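For reference, the chains in residue letters:
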Amino acid sequence: MKITVLSSKAVRPAGAAAAAPEVVPLSVFDKANFDTYVSVIYIFRPPTPPNAELKAGLARALAEYREWAGRLGADPRTGARAILLTDEGARFVEAAADAPLDAVLPLSPAPEVTRLHPSEAGAEELMLVQLTRFACGGLAVGFTAHHLVSDGRATSNFFVAWSQATRGAAVDPAPVHDRAAFFRPRDPPRVEFEHRGVEFKKPPAAAHHQHAKANGHDDDDEVVVHKANFSREFISRLKARASRPGAGRPCSTLRCVVAHLWRCITAARGLDGSTTTSVCIAVDGRARMSPPVPDGYTGNVVLWARPAAAARDLVARPLRHAVELIDREVARVDGAYFGSFVDFAASGTVEAEGLVPAADAAEMVLSPDIEVDSWLRIPFYDLDFGGGRPCFFMPSYLPVEGLLILLPSCHGDGSVDAYVPLFSRNMDAFKSCCYSVDGLDD
């Protein structure tokens, strides 16, 4: 498939006027998150609105979400990193593909899909969009968005707002932009949990390279991404295995799938039994904080749970054991933990001790650990520009060994897609057990 870029221009918020830029300081949650861009791809079958309508809708959405039309810079009062509401706009790329959709769907998690969204290389924009028209009239909408501006839930709200603005509908949920009011430290502050080595760490120096070497990998190992689909029936069987008899509620889809993948990946890697392996799971704080953070909040509100186990125990003990480890650690990241994090991050300790976020986009090898980004509850399929919902959605190709992305299948049948990047030498072993409920419990 050949893709030709036809134009690239900035789209400014509708009604934008020249003025001194407002400054939006990054919150403590923004500062602790990944300082990188994230790309996703939506596919729509025809009919779809013309590019001019989509462009006009984007301008109207940016008027509601001015962060995405701004730039990262320094707060002139403090020198701290901030979002500057400059209204310079989002990048809007128009492209054409020489093939029909049916010739390329379903898209595979391979380097070629990166041609369907803008590259962040050298970008100053915080949001970049690419519309790729296929020979059949189908449309790919590729987004590249900066993670410091918002987490997945808030970014998805913007995508939906763009589709609503294109249709002439009201933006819902209404965006909430105040990044200071919800995260004020308590008086007096109460740092009740340890946050060093959890959300913050000392600068890693050469640790990335040493970490990879220490786990038996070298620079010639190839990371490949496998898309695993788990049917609704398969997940039901996992839940039956994972739930304790007599429990009031069955295990959640997220926890049983994560527990299953954690065990399978650990076995496939062939780790020494005494090696400690952990799984890093994002926890949304919106409903956990007091008062709760509104659904329309436009920034990051995520911390992480990190259950851990010896590789031998994780693989040898039943699935329920892994689920219980996950349950305990996720429950620990509650409202009190979020409050403690805010108090610690706002105390000046991070700056005084030279700490940096533990969320490190430069880490390309996570073994012996894994990290899970769950998009199971994000309404990606609510995007509708007027011609119907997307027929396909996927993250871009992201070959970070051990970084898993979970999302609902495009089939709408209750199945789950898991994007699993591993070293090629471990992939066959992973595939041999990941589709079996009984494989590790025999």
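Residues numbered from 1 in each chain as written. Predicted model: local features only at pLDDT ≥ 70, side-chain atom pairs only at ≥ 80, totals over all residues. Heavy atoms only, no water.

For the chain, an unreviewed UniProt entry supplies the name Agmatine coumaroyltransferase-2 and the organism Panicum virgatum. In its Sequence similarities (unreviewed entry) section, the UniProt entry covering the chain states "Belongs to the plant acyltransferase family." (UniProt positions renumbered as here; feature names shortened; annotations may be inferred.)

(A) Spotlight on the overall build of the chain. Regarding its fold elements, the chain presents 11 helices and 18 strands. A burial count over the chain gives 50% of its 442 residues as buried. A separation threshold of at least 6 residues defines the contact pool for the chain, and within that pool the share at least 24 residues apart is 81%. Surface exposure of the chain reaches about 18800 Å², of which carbon and sulfur atoms provide 51%. Seen as two clouds, the 46 positive and the 54 negative side-chain charges of the chain have centres 3 Å apart. (Helix = DSSP H or I, 4+ residues; strand = E, 2+ residues; numbered from the N terminus. Buried < 20%, exposed > 50% of the residue type's maximum accessible area, 1.4 Å probe, protein only. Contact = heavy atoms within 4.5 Å. Areas by Shrake-Rupley, 256 points an atom, 1.4 Å probe, with all protein chains shown as cover. Lys, Arg positive; Asp, Glu negative; His and termini not counted. Charge placed at Lys NZ, Arg CZ, Asp CG, Glu CD.)

(B) Spatial organisation of the side chain of His226. For His226, the position within the fold is in strand β10 (residues 223-230). Side-chain polar atoms of His226 contact the side chain of Tyr435, separated by 2.6 Å. (Polar contact = N/O pair within 3.5 Å; in protein donor to acceptor, adjacent residues only side chain to side chain.)

(C) Expanded view of the layout of surface pockets. By volume, the second largest pocket amounts to about 480 Å³. Lining the second largest pocket we find 19 residues, and of these Leu26, Ser27, Val28, Lys31 and Ala345 sit closest to its centre. Secondary-structure elements contributing two or more residues to the lining of the second largest pocket are β2 (22-25), α1 (28-31), α10 (349-352) and β14 (356-357). Considered class by class, the residues forming the lining of the second largest pocket number 14 nonpolar, one polar and four charged. (1 Å grid on protein atoms, 1.4 Å probe; cavity = no way out; pocket = protein on both sides within 12 Å on 5 of 7 lines; lining within 4 Å. Points joined across faces, edges and corners; volume = space filled by probe spheres on them. Nonpolar A, V, L, I, M, F, W, Y, C, P; charged D, E, K, R; others polar.)

(D) Main features of the packing of helix α6 (residues 253-269) against helix α8 (residues 319-332). Here α6 crosses α8 at 120°, and the two axes come no closer than 9 Å. In terms of their interaxial angle, α6 and α8 are classed as oblique. When the axes of α6 and α8 are compared, the crossing they make is right-handed. Facing α6, whose interface residues are Arg255, Cys256, Val258, Ala259, His260, Trp262 and Arg263, α8 presents Leu319, Ala322, Val323, Leu325, Ile326, Asp327 and Val330. (Axes fitted to C-alpha atoms, helices over the stretch in contact; angles between N-to-C directions. Parallel < 35°, antiparallel > 145°, perpendicular 65-115°, else oblique. Left-handed = near helix turned anticlockwise from the far one by under 90°.)

(E) Region of the structure containing the pattern of salt bridges. By the definition in use, this model includes 23 salt bridges. Salt-bridge contacts for Arg196 lead to Glu353; the nearest nitrogen and oxygen are separated by 2.9 Å. Residue Arg196 is found in the loop between α3 (152-167) and β9 (200-201), and its partner Glu353 is found in the loop between α10 and β14; the two are separated by 157 residues along the sequence. Note that Lys201 and Asp360 form a salt bridge whose closest N and O atoms lie 3.4 Å from each other. (Salt bridge = Lys/Arg side-chain N within 4 Å of Asp/Glu carboxyl O.)

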